[in-house]
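Chain residues, written in single-letter form:
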Amino acid sequence: MDQKNGSSFTGFILLGFSDRPQLERVLFVVLLIFYLLTLLGNTTIIALSRLDPHLQTPMYFFLSHLSFLDLCYTTSTVPQLLVHLRGADKSISFAGCVAQLFVSLGLGCTECILLGVMAFDRYAAVCRPLHYTVIMHPRLCALMASVSWFIGFANSSLQSGLIFLVPLCGRNKIDHFFCEVTPLLKLACVDTTENENEIFFVSVIILLIPVALITFSYGQIVRAVLRIKSASGQRKAFGTCGSHLTVVSLFYGTAIYIYVQPSNNYSQDQGKFISLFYTIVTPMANPFVYTLRNKDVTGAMRKVFCQDYDSR
């Protein structure tokens, strides 16, 4: 990499919300609380999935992967943001920026695919209940999870490499709170139309193929649920599927806004706040969405905590 591409840099400057010092103080408190809740909620989901035999099913296997992914995704951006919100130094090293972009892109892409896999799991559970354990065999579950992670980080390797090959000509002020694709491309001193078109094309594939799978799965699920004569059976099916649909809506709504739109329509300020939503609010909300109406998880929590209390 030549000097124009950043090897002569000591690093980048993440401008973040530095033009709003009053907002920085509020954001620090709010984001710190949200980050702690994210750690607590997602760690609880992972622990319960391992400790309670009743939760060692394909649904909770994928949910524990989602929780681990959300923990990593939030931790890749929020701790650094909290430091920047409280101090004057907004810098990030060149290597740190490369690593942050690589990790965030990889985890974001993995989540896109994983949510599609989870929709297929719900389809198999509701529409093929007698064959569910055969279809969702542990080996297949492990394979689908592994493929999700592999595709996510293979795509991230390609995207990150292409972005950091673009000449920057000494520009190092990123108008964002972390190293994100669009703000990085805006630093370029050459025409990036080809890069933007390539990123748009890949984003459409990564986002819309899982969306198509989710749409098909839930179309079949709705038809199957409406044929269930028991009202309690319908509520149970819609309960577990409704939680997944809520998570899908939160994630895909923000991701499509950020990545699947022409660059000339992109608002930097709106982009920052939308990015806050999918980097901290969605990972924080996911475990609560899955647990508040889920008797299996709440029952497992009571069992684990009661056993711990009794052992004392």
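Residues numbered from 1 in each chain as written. Predicted model: local features only at pLDDT ≥ 70, side-chain atom pairs only at ≥ 80, totals over all residues. Heavy atoms only, no water.

A. The arrangement of the packing of helix α4 (residues 94–127) against helix α6 (residues 138–164) in detail. Closest axis-to-axis distance for the α4/α6 pair is 7 Å, and the angle between their directions is 145°. Seen from above, α4 lies across α6 with right-handed handedness. Classifying every residue of the contact of α4 with α6 gives 19 nonpolar, nine polar and no charged. (Axes fitted to C-alpha atoms, helices over the stretch in contact; angles between N-to-C directions. Helix = DSSP H or I, 4+ residues; strand = E, 2+ residues; numbered from the N terminus. Left-handed = near helix turned anticlockwise from the far one by under 90°. Nonpolar A, V, L, I, M, F, W, Y, C, P; charged D, E, K, R; others polar.)

B. Geometry of the environment of L55. Tracing the sequence through the fold places L55 in the loop between α1 (21–51) and α2 (58–75). Among the residues examined, L55 registers a relative accessible area of 2% and is labelled buried. Between the alpha carbons of L55 and A300 there is a distance of 8.0 Å; along the sequence they are 245 residues apart. Not counting residues within four places of it along the chain, the set of residues in contact with L55 comprises L48, S49, Y60, D296, V297 and A300. (Buried < 20%, exposed > 50% of the residue type's maximum accessible area, 1.4 Å probe, protein only. Contact = heavy atoms within 4.5 Å.)

C. Main features of α2. Over its 18 residues, α2 runs 26 Å from end to end, which matches the ideal 26 Å to within 8%, given 1.5 Å per residue. The element α2 is largely enclosed, with a buried count of 13 among its 18 residues. (Expected span 1.5 Å × (residues − 1).)

D. Local environment of the sheet that holds strand β3 (residues 173–174). Ordered in space as β2-β1-β3, the three strands form an open sheet in which the pairing is mixed. Whereas interior strands pair on both sides, the edge strands pair on one side only; in this sheet they are β2 (91–92) and β3. Taken together, the two bridges between strand β1 (residues 12–14) and β2 define a ladder with antiparallel strand orientation. Following the sheet pairing, F12 is matched in β2 by I92. (Pairing = 2+ DSSP bridges.)

E. Quick peek at the state of the cysteines. Enumeration over the complete set of coordinates arrives at one disulfide. Unpaired in terms of disulfides, C109 finds its nearest cysteine sulfur in C112, a separation of 6.0 Å. When its relative accessible area of 4% is taken as the criterion, C112 is described as buried. (Disulfide = S-S within 2.5 Å.)

F. Focus on the confidence of the model for the protein chain. Overall, the prediction assigns the protein chain a mean pLDDT of 84, with 90% of residues at 70 or greater. Within the protein chain, α2 carries the highest mean pLDDT (94), whereas helix α11 (residues 295–311) carries the lowest (66). The low-confidence segment residues 1–7 (pLDDT under 50) makes 17 contacts with residues lying over four places distant or belonging to another chain. (pLDDT = per-residue confidence, 0-100.)

G. Summary view of α4. Taking 1.5 Å of rise per residue, 34 residues should cover 50 Å, and α4 covers 50 Å from first to last C-alpha, within 8% of that figure. With 26 of its 34 residues buried, α4 lies for the most part within the structure.

H. Quick peek at the side chain of T192. In this fold, T192 is placed in the loop between α7 (181–185) and α8 (193–226). For T192, the residues in contact, after removing those within four places along its chain, are V166 and L185.

I. A look at the UniProt feature "transmembrane region" (unreviewed entry) in the protein chain. According to UniProt, the positions carrying the feature "transmembrane region" (unreviewed entry) are residues 26–48, 60–78, 98–120, 140–158, 199–226, 238–260 and 272–292. Across residues 26–48, helical content stands at 100% and strand content at 0%; the span's end C-alpha atoms are separated by 33 Å. (UniProt positions renumbered as here; feature names shortened; annotations may be inferred.)

J. Highlighting a nonpolar patch on the surface. The grouping of V29, I33, L37, L40 and F288 at the surface amounts to a nonpolar patch, some 410 Å² of accessible area in total. Here the nonpolar patch gets four residues from one element, more than from any other, and that element is α1. Along the chain, F288 falls in helix α10 (residues 268–292). Owing to a relative accessible area of 31%, F288 belongs among the partly exposed residues under this scheme. (Patch = residues over 30% accessible without salt bridge, like charges linked within 9 Å, V, L, I, M, F, W, Y side chains within 5 Å. Areas by Shrake-Rupley, 256 points an atom, 1.4 Å probe, with all protein chains shown as cover. Salt bridge = Lys/Arg side-chain N within 4 Å of Asp/Glu carboxyl O.)

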